[in-house]
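Architecture at a glance
What follows is each chain in one-letter form.
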Amino acid sequence: MEQALAADNFVLGQLVKSKTGRDKGTYYFVCGKSQDGARLLLADGRKRPMEKPKIKNCRHVQMVHYVAPRLQEKLAQQKTVTNEEIRLSFKELPKDNGQCVDKEVSENV
């Protein structure tokens, strides 16, 4: 049985994949966490910009073991992250790491 993840298990700037809902299979970056610790604020820079992030339950996303260093640094310092920076982070994903980058991520950008 899979353990439910809490928002504390996720890092700002981390890449995640939606497991349920209309957006199933879509990749996002974690741009914030709810105060109750059960939900994540997710953005992709296009359909879900930083100004209107997707609020998703932690149980409904899959962790991808990649953190965008630029996003992580800016979010940790509470600096403004632009949608362009998020889109650029998708393009900067390592091409040789099959675990975090596949055809679906390329199509998402």
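Our subject is the structure listed above.
This one's a predicted model, so the numbers in the text were calculated from it and none came from an experiment.

Points about the pairing of strand β3 (residues 39–43)
Pairing of strand β2 (residues 27–33) with β3, which is carried by four bridges, proceeds in the antiparallel orientation. Following the sheet pairing, Val-30 is matched in β3 by Leu-42. Two successive antiparallel strands, β2 and β3, enclose a turn made up of five residues, where Gly-37 displays a positive phi of approximately 80°. Bridge analysis of β3 against strand β4 (residues 54–57) gives four bridges, and the strand direction is antiparallel.

Comments concerning helix α2 (residues 83–91)
Among the residues of α2, Asn-83, Glu-85, Ile-86, Ser-89 and Phe-90 are the ones counted as buried. One side of α2 holds all its buried residues, which, seen down the axis, span an arc of 160°. Along α2, the residues that are exposed and aim more than 90 degrees away from the buried face are Glu-84 and Lys-91.

Considerations on the pattern of salt bridges
Per the counting criterion, the structure on display carries three salt bridges. Across the pair Lys-56 and Asp-23 runs a salt bridge, and its minimum N-O distance is 3.1 Å. You can see Lys-56 sitting in strand β4 and its partner Asp-23 sitting in the loop between β1 (14–18) and β2, a full 33 residues away along the chain. For Asp-23, a relative accessible area of 11% translates into the label buried.

What counts and what doesn't
Residues numbered from 1 in each chain as written. Predicted model: local features only at pLDDT ≥ 70, side-chain atom pairs only at ≥ 80, totals over all residues. Heavy atoms only, no water. Pairing = 2+ DSSP bridges. Helix = DSSP H or I, 4+ residues; strand = E, 2+ residues; numbered from the N terminus. Buried < 20%, exposed > 50% of the residue type's maximum accessible area, 1.4 Å probe, protein only. Arc of directions from axis to C-beta. Salt bridge = Lys/Arg side-chain N within 4 Å of Asp/Glu carboxyl O.

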